Amino acid sequence: MLSDPAFYLASIPAVLLYGVAKGGFGGAVAVLSVPMMALVMSPTQAAAILLPILVVMDAVVVRTYWGQFDRRALQLLLPGALAGILVGYLAADSMSDDYMRILIGLLSVVFAAQQLLGLQSRGAAEHKPGPAGFFGVLAGFTSFSIHAGGPPFTMYLLPKQLHPLVFAGTAGIFFAVVNAVKLVPYAMLGQFSSDNLLYSLVLVPLAPLGVKLGHYLVKISEPTFYYRVISVFLLVLGGKLLWDGVAGL
């Protein structure tokens, strides 16, 4: 596959896009990366190739945003995310990716529309264990299955209206933990073949470039503009997930 130009045409933009999202700009837009790479390979292989690259991105993100994160959000979200990863591993052979896309897509569209129309409740701005546990489990589960944990995470944290750098830093640490934990079940499921690791190695130099670009875009963005961009991306990508899920059934 390394001799096929289509591999690079699909994979290079996908990795850079994920890096920009990891850097904090666009957030949920990262869910486009697996479908982009799936144009030239299976979605399962695309997810396996991306995971080691994501771990490298996470290291860059954590270093870039260290000290800029919401501790309470992480305390509430991470236990649910770890439970979601476990559920994803146990259901790896039986869960339909299409049903997951429909669920996340529908939730994303409704939530983003509320944000853009200013219809979100005031209570959503406060940290609460119940909603945090729900969205944490959903983020861990969908992150394990199709690297689509961004929308559930965004749905929980967006109403908190954190400073863009704090929002991005919280996301960076959250997904650094999630992706590091995912390495174990992915390895147990035999996803890290020598070929897949070689493809990851070829693409990994793009990881810090994408993250740095995303960080730069966050720094120059006004908070109002930043959160509107996040909401628009969430709306568009929710629609994309919903469409793909329905089409796949």
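As the structure is a computational prediction, the values presented were derived from the model and not from experiment.

Before going further, it helps to spend a moment on the overall build of the protein chain. When you go through the protein chain residue by residue, the secondary structure sums to 11 helices and zero strands. Helices and strands in the protein chain line up, N terminus first, as α-α-α-α-α-α-α-α-α-α-α. For 249 residues, the compact-globule formula gives about 18 Å, and the C-alpha radius of gyration of the protein chain, at 17 Å, lands near that figure. Dimensions of the protein chain, computed from the C-alpha atoms along their principal axes, are close to 50 × 40 × 30 Å. When burial is assessed residue by residue, the protein chain has 50% of its 249 residues classed as buried. The long-range fraction of contacts in the protein chain, counting pairs at least 24 apart against all pairs at least 6 apart in sequence, stands at 86%.

Along its length, helix H3 (residues 43-65) reaches its greatest deviation from straightness, about 30 degrees, at Leu 51, and the proline Pro 52 lies no more than four positions downstream. With its phi angle positive at about 95 degrees, Gly 67 sits one or two positions after the end of H3.

Another aspect to go through is the side chain of Ser 200. Relative to the elements of secondary structure, Ser 200 occurs in helix H9 (residues 194-203). You can call Ser 200 buried: its relative accessible area is 4%.

Attention now goes to helix H11 (residues 223-248). Since the α-helix packs 3.6 residues into each turn, any two residues three or four apart lie on the same face. In this model, H11 (26 residues) spans 37 Å end to end at C-alpha, consistent with the 38 Å of a helix rising 1.5 Å per residue. Looking only at H11, the buried set comprises Tyr 226, Tyr 227, Val 229, Ile 230, Ser 231, Leu 234, Leu 237, Gly 238, Leu 241 and Gly 245.

So, about the pattern of salt bridges. On inspection of all chains with the given rule, the structure shows two salt bridges. In this structure, Asp 58 and Lys 22 form a salt bridge, with 2.4 Å as the shortest nitrogen-oxygen distance. Placement of Asp 58 in helix H3 and of Lys 22 in helix H1 (residues 5-22) is noted, with a sequence separation of 36 residues between them. Asp 244 is paired through a salt bridge with Lys 240; the nearest N and O atoms lie 2.4 Å apart. On the criterion of helical spacing, the pair formed by Asp 244 and Lys 240 is a turn pair, its members being four residues apart in helix H11. In this structure Lys 240 comes out as partly exposed when scored by relative accessible area, which is 32%.

Here Tyr 18 shows up in helix H1. The contact partners of Tyr 18, leaving out residues within four places of it in the chain, are Ala 30, Ser 33, Leu 50, Leu 54, Met 57 and His 147.

Glancing now at the environment of Val 60. Examined against the element boundaries, Val 60 turns out to sit in helix H3. Between the alpha carbons of Val 60 and Pro 208 there is a distance of 6.4 Å; along the sequence they are 148 residues apart.

Remark: helix H6 (residues 129-146) packs on helix H7 (residues 150-157), axes separated minimally by 7 Å, with the N-to-C direction vectors making an angle of 160 degrees. Viewed along their axes, H6 and H7 adopt a mutual orientation that is roughly antiparallel. The element H6 and its partner H7 pack so that their crossing is left-handed. Here H6 contributes Pro 131, Ala 132, Phe 135, Leu 138, Ala 139 and Thr 142 to the contact with H7, which in turn contributes Pro 152, Phe 153, Met 155 and Tyr 156. Of the residues contributing to the contact of H6 with H7, the split by class is nine nonpolar, one polar and no charged.

Met 37, Ile 53, Met 57, Phe 174, Leu 203 and Tyr 226 are the most contacted members of the largest nonpolar core, which has 62 residues in total. Beyond its immediate stretch of four places on either side in the chain, Met 57 contacts Val 15, Tyr 18, Gly 19, Lys 22, Ala 207 and Val 211.

Attention now moves to the packing of H6 against helix H8 (residues 164-188). At their nearest, the axes of H6 and H8 sit 10 Å apart, and the two run at 50 degrees to each other. Between H6 and H8, the angle is such that the two are oblique. For the element pair H6 and H8, the recorded crossing hand is right-handed. Of H8, the residues touching H6 (which contributes Ala 139, Ser 143, Phe 144 and Ser 145) are Phe 174, Phe 175, Val 178, Asn 179, Lys 182, Pro 185 and Tyr 186. Taken together, the residues of the contact of H6 with H8 break down into seven nonpolar, three polar and one charged.

The next subject is the packing of aromatic side chains. Evaluated as defined, the whole model comprises 10 aromatic pairs. Here the aromatic cluster, defined as three or more aromatic residues joined through ring pairs, consists of Phe 153, Phe 167, Phe 174 and Phe 175. The ring centre of Tyr 156 lies 3.8 Å from the NZ or CZ of Lys 160, which sits over that ring.

Here, the residues flagged by UniProt with the feature "transmembrane region" (unreviewed entry) are residues 6-34, 46-66, 72-92, 137-158, 165-185, 197-218 and 225-243. Spanning residues 72-92, this segment combines 90% helix with 0% strand, and its end C-alpha atoms are found 30 Å apart. Span residues 165-185 is 100% helix and 0% strand, its end C-alpha atoms 31 Å apart.

Calculation criteria
Residues numbered from 1 in each chain as written. Predicted model: local features only at pLDDT ≥ 70, side-chain atom pairs only at ≥ 80, totals over all residues. Heavy atoms only, no water. Helix = DSSP H or I, 4+ residues; strand = E, 2+ residues; numbered from the N terminus. Rg over C-alpha atoms; globule rule 2.2 N^0.38 Å. Buried < 20%, exposed > 50% of the residue type's maximum accessible area, 1.4 Å probe, protein only. Contact = heavy atoms within 4.5 Å. Bend = angle between axes of the 7 residues up to and from the residue. Expected span 1.5 Å × (residues − 1). Salt bridge = Lys/Arg side-chain N within 4 Å of Asp/Glu carboxyl O. Axes fitted to C-alpha atoms, helices over the stretch in contact; angles between N-to-C directions. Parallel < 35°, antiparallel > 145°, perpendicular 65-115°, else oblique. Left-handed = near helix turned anticlockwise from the far one by under 90°. Nonpolar A, V, L, I, M, F, W, Y, C, P; charged D, E, K, R; others polar. Core = buried A, V, L, I, M, F, W, Y, C linked by side-chain atoms within 4.5 Å. Phe/Tyr/Trp six-rings, centres within 6.5 Å; stacked < 30°, edge-to-face > 60°. Lys NZ or Arg CZ within 6 Å of the ring centre and 35° of its normal. UniProt positions renumbered as here; feature names shortened; annotations may be inferred.

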